[in-house]
Amino acid sequence: MKVQGRPMRTIWLEPDGQAVGIIDQTRLPHAFVTARLGTLEEAAHAIRAMRVRGAPLIGATAAYGVWLALREDASDAALARAREVLGATRPTAVNLHWALEQMRQLLEPLPVSERPSAAKQRAAELCDEDVAINRAMGGHGLKLLEAAWERKGRQGRLEVLTHCNAGWLATVDWGTALSPIYLAHDAGLPVHVWVDETRPRNQGAGLTAWELGQHGVPHTVIADNVGGHLMQHGQVDLCLVGTDRTTAHGDVANKIGTYLKALAAKDNGVPFYVALPSPTIDWSLRDGVREIPIEQRDGTELSDVTGRLASGEVATVRVTPEGSASANYAFDVTPARLVTALITERGVCPATEEGLRSLFPERAGRAS
Ligand SMILES: CSC[C@@H](O)[C@@H](O)C(=O)COP(=O)(O)O
């Protein structure tokens, strides 16, 4: 992606090689601010406070967090502690645990003296792999968008609805759900994106709208409850979202509110696609609704809203009465039966165990 015309990733090794650079996503869209992460604690805090967020980027940050820990102390105990601290930051996105497990498998058998440089190199590789996966997913998703455009008779605009931010900012580059959209836009398809605001943290209004704007993709921000109305009136050709954890049977956990969009899509015959890199698949789970841990965050994210005042100052204001309790569920699970197809780096498949295993045959018979 380019930011103000300059190509960049969302996470990088700083030029001095001593720290990891990130974009502080809590400051967007009002300010574009980068930050240095120099310790395990800073990496864990960045994930917990959502300075970095989105399933693949959480995993990439955790991998670098292991390096930051091991360069201080590369003992078995320090490695175990780094995995514990980072693993406890956010519960739903399985990419976090996948990345920590990748690091463990590589590092545990190595002599202590070799671990820091190996961790640094592997974290960089995981980032490169994420970029390649997302680009490949984009190519497969692009074919679905082209087919939808043909079905529409190449009339008007291709109307895509998305929820939360499954874009460049949620990954190392490209995005998951937005990767096909960027490719479609670049290929000249007249794609227009309905962007759910995605309360309570407004990742749609603040992040998706911002990055689509950076790339010049036409888009319109809508309140979270508008999608059903648009679908009833033929104004959505397809829904395209990301996921934080998908079961071996194709149940999909994603940002809270995704399930309601999938129900509305089903009722209106609108295709509902989910884009996911393979590290997002939790092969050990069968029943997403019962088994995927759903993050509950502080109620102030719901009761308080941050925005820019007319004066230019960024301020946080309370929108609920003092004394009213807030429940802040961050994710929900869309059952596989509501998902038209899954888009992965290896191709598109039905949201079924057979579908996923046809693309990832090496997983056949493996529980995790
Ligand atoms: C990148 S794909 C899926 C997601 O990670 C995304 O849609 C999402 O739900 C992000 O949630 P967040 O709480 O902002 O980390």
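Reading the values: rules and limits
- Residues numbered from 1 in each chain as written.
- Predicted model: local features only at pLDDT ≥ 70, side-chain atom pairs only at ≥ 80, totals over all residues.
- Near = placed C-beta within 6 Å.
- Helix = DSSP H or I, 4+ residues; strand = E, 2+ residues; numbered from the N terminus.
- Nonpolar A, V, L, I, M, F, W, Y, C, P; charged D, E, K, R; others polar.
- Pairing = 2+ DSSP bridges.
- Axes fitted to C-alpha atoms, helices over the stretch in contact; angles between N-to-C directions.
- UniProt positions renumbered as here; feature names shortened; annotations may be inferred.
- Contact = placed C-beta atoms within 7 Å.
- Domains from an automatic or database assignment.

1. Section: the site of the ligand
Argument step 1. Close to the ligand lie 18 residues; Arg53, Ala166, Ala170, Gly242 and Lys255 are nearest.
Argument step 2. Every element with two or more residues in the shell around the ligand is listed here: helix H2 (55–70) and strand S11 (252–255).
Argument step 3. Residues that form the shell around the ligand fall into these classes: seven nonpolar, eight polar and three charged.

2. So, the sheet that holds strand S13 (residues 281–282)
Argument step 1. The four strands are arranged S13-S10-S11-S16 in an open sheet whose pairing can be described as mixed. Strands at the two margins of the open sheet, each flanked by one partner only, are S13 and strand S16 (331–334).
Argument step 2. Two elements, strand S10 (residues 245–247) and S13, share two bridges in a ladder whose sense is parallel. The residue of S13 that forms the bridge with Thr246 is Ile281.

3. Here's the deal with the sheet that holds strand S6 (residues 158–162)
Argument step 1. Spatial ordering of the open sheet is given by S8-S7-S6-S9-S12-S17-S18, a layout of seven strands whose pairing is mixed. The strands lining the two open edges of the sheet, one partner per strand, are strand S8 (219–222) and strand S18 (347–349). If you compare each strand with its neighbour and ignore which way they point, the axes differ by 25° on average.
Argument step 2. Here strand S17 (residues 341–344) pairs with S18 via three bridges, running antiparallel. Paired with Leu342 across the two strands is Cys349, which belongs to S18.

4. Remarks on the UniProt feature "site: Transition state stabilizer" (unreviewed entry) in the chain
Argument step 1. Here the UniProt feature "site: Transition state stabilizer" (unreviewed entry) sits at Cys164.
Argument step 2. Secondary-structure assignment places Cys164 in the loop between S6 and helix H6 (178–186).
Argument step 3. Filtering out sequence-adjacent residues up to four positions away, Cys164 remains in contact with Thr198, Gln203, Gly204, Asn254 and Lys255.

5. Some details on the domain arrangement of the chain
Argument step 1. For the chain, the assigned domains read domain 1 (2–128) and domain 2 (138–363).
Argument step 2. Look at where the C-alpha atoms of domain 1 and domain 2 centre, and you get two points 24 Å apart.
Argument step 3. Taken residue by residue, the interface counts 24 residues in domain 1 and 27 residues in domain 2.
Argument step 4. The set of elements that each furnish at least two residues to the side of domain 1 that touches domain 2 consists of strand S1 (2–3), H2 and helix H4 (95–107).
Argument step 5. Looking at which element gives the most residues to the side of domain 1 that touches domain 2, the answer is H2, with five residues.
Argument step 6. Per-class residue counts for the side of domain 1 that touches domain 2 are 13 nonpolar, seven polar and four charged.

6. With respect to unusual backbone geometry
Argument step 1. Here the residue pair Leu28 and Pro29 is connected by a cis peptide bond, since its omega of 0° sits within 30 degrees of zero.
Argument step 2. Its place among the elements puts Pro29 in the loop between strand S4 (20–23) and strand S5 (34–37).
Argument step 3. The residue after Arg199, namely Pro200, is reached through a cis peptide bond having omega 10°.
Argument step 4. For Pro200, the position within the fold is in the loop between strand S7 (191–196) and helix H7 (203–215).
Argument step 5. At Arg154, a residue that is not glycine, the phi angle is positive and equals roughly 55°.
Argument step 6. Examined against the element boundaries, Arg154 turns out to sit in the loop between helix H5 (115–151) and S6.

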